[in-house]
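Coordinate analysis (summary)
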Amino acid sequence: VALPGHAFSPDTPWQQELEESRDRYADLYDFAPVGYLTLDDSGVVQEINLTGAGMLGMERQSIVGQPFITRLSTGSIQPFLTHLRQTFAVSDNSVTEVLIKAKNAHPRVVSLESLAMPGEKRVCRTVMHDITLQRRMSVALQISRSAQDALLKAIPALVFYLDTEFKFQNMSQAFAEFIGCEPDEATGKTVYDFFPQAEADDI
């Protein structure tokens, strides 16, 4: 509303500040390091930032208005629907992991954390974290550990791993038999639990 004798100008300082603040918010939303999206209670995408669209491998305009499950691997559809029901049934955040389909590549592993928003319109805010690299590293570590365990079971030498506090982390079956216990029973114990003081000091 313009006061008498005061013409309204779209370039008033307060309006410029408002527009600048809006632009900064838009940049923070779109280029955040995580995906942000809004879903209704049927799982249809209402809003999504550019980072989230990148995770889904599509343009934003092709995602908004579409069911989120269209971007999921088949095995992740039911876990996502369960996650969505839980989100609207509880007051706390709900968390799950899903696989996002990717063209000519392995699926992305994504963690979803959702919270239902108050109000008549049933929507939830969801944060997407791409945890593909962490999962691959975890699998590689498990494979490496499995290979190490297989080697330690077969090798006839007395081999063991200690941490910086001299606690056993792993050992060959031959060494476990030498100290008179199973490898799992020795994990977390020190050399002083199995050897006299002088020998443990030498080790």
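Residues numbered from 1 in each chain as written. Predicted model: local features only at pLDDT ≥ 70, side-chain atom pairs only at ≥ 80, totals over all residues. Heavy atoms only, no water.

1. Remarks on the nonpolar core
The condition that has to hold: Within this scheme, the nonpolar core is defined by two criteria: the residues are buried Ala, Val, Leu, Ile, Met, Phe, Trp, Tyr or Cys, and they are joined through side-chain atoms within 4.5 Å. Per-residue accessibility, obtained with a 1.4 Å probe over protein chains only, is compared with the maximum for each type, and a residue is labelled buried under 20%, exposed over 50%, and partly exposed between these values. A contact between two residues is defined here by any heavy atoms of the two lying within 4.5 Å.
With 19 residues, the main nonpolar core has Leu-39, Phe-68, Phe-80 and Met-128 as its most contacted residues. With near-sequence residues (within four places) excluded, Phe-68 lies in contact with Leu-37, Leu-39, Gly-43, Val-45, Leu-56, Phe-80, Ile-100, Leu-112 and Met-128. One finds Met-171, Ile-179, Ala-186 and Val-191 within the second-largest nonpolar core, a separate group that totals ten residues.

2. So, the sheet that holds strand β2 (residues 45–48)
Heads up, the condition is: A pair of strands is treated as paired once DSSP finds two or more bridges between them. Helix numbering and strand numbering both begin at the N terminus, where a helix is a DSSP run of H or I of at least 4 residues and a strand a DSSP run of E of at least 2. Between the N-to-C directions of two axes lies an angle of 0 to 180 degrees, each axis being a line fitted to C-alpha atoms and, for a helix, fitted only over the stretch in contact.
The strand order across the open sheet built from five strands is β2-β1-β5-β4-β3, with neighbouring strands paired in antiparallel fashion. Unpaired on one side and paired on the other, β2 and β3 (94–100) mark the two borders of the sheet. The average undirected angle you get between the axes of adjacent strands in this sheet is 30°. When strand β1 (residues 35–40) meets β2, the two strands line up antiparallel, connected through three bridges. In the strand pairing of β2, Leu-39 is matched with Val-45. Here helix α4 (residues 74–89) sits on the sheet and contacts β1, β3, β4 (108–116) and β5 (123–130); the angle it forms with β3, its principal contact strand, is near 155°. Strands β3, β4 and β5 of the sheet are contacted by helix α5 (residues 132–154), whose axis makes an angle of about 125° with β4.

3. With respect to a negative patch on the surface
Applicable threshold: To count toward a patch, a residue needs a relative accessible area above 30% and no salt bridge. Like charges then connect within 9 Å, nonpolar side chains (Val, Leu, Ile, Met, Phe, Trp, Tyr) within 5 Å. Note on areas: Shrake-Rupley, 1.4 Å probe, and residue coverage restricted to the protein chains presented here. The term salt bridge refers to a pairing of a side-chain nitrogen on Lys or Arg with a carboxyl oxygen on Asp or Glu at a separation within 4 Å. Here Asp and Glu are counted as negative and Lys and Arg as positive; His is not counted, and neither are the chain ends. To locate a charge, take NZ of a lysine, CZ of an arginine, CG of an aspartate or CD of a glutamate.
On the surface, a cluster of negative charge is contributed by Glu-177, Glu-182, Asp-184 and Glu-185. Looking at the element boundaries, Glu-182 is found in the loop between α6 (173–179) and α7 (183–186). Owing to a relative accessible area of 43%, Glu-182 belongs among the partly exposed residues under this scheme.

4. Brief notes about the layout of surface pockets
Summary: where empty space remains is shown by rolling a probe the size of a single water molecule over the atoms. Short version of the rule: Using a 1 Å grid laid over the protein atoms alone, points where a 1.4 Å probe fits but cannot get out form a cavity; open sets with protein on both sides within 12 Å along at least 5 of 7 lines form a pocket; any residue with an atom within 4 Å of a point counts as lining. Grid points are joined across faces, edges and corners, and a volume is the space filled by probe spheres set on the points. Any residue outside Ala, Val, Leu, Ile, Met, Phe, Trp, Tyr, Cys, Pro, Asp, Glu, Lys and Arg is labelled polar, Gly included; the first ten of those are nonpolar and the last four are charged.
Empty space within the largest pocket amounts to approximately 190 Å³. Classifying every residue of the lining of the largest pocket by side-chain character gives three nonpolar, five polar and five charged.

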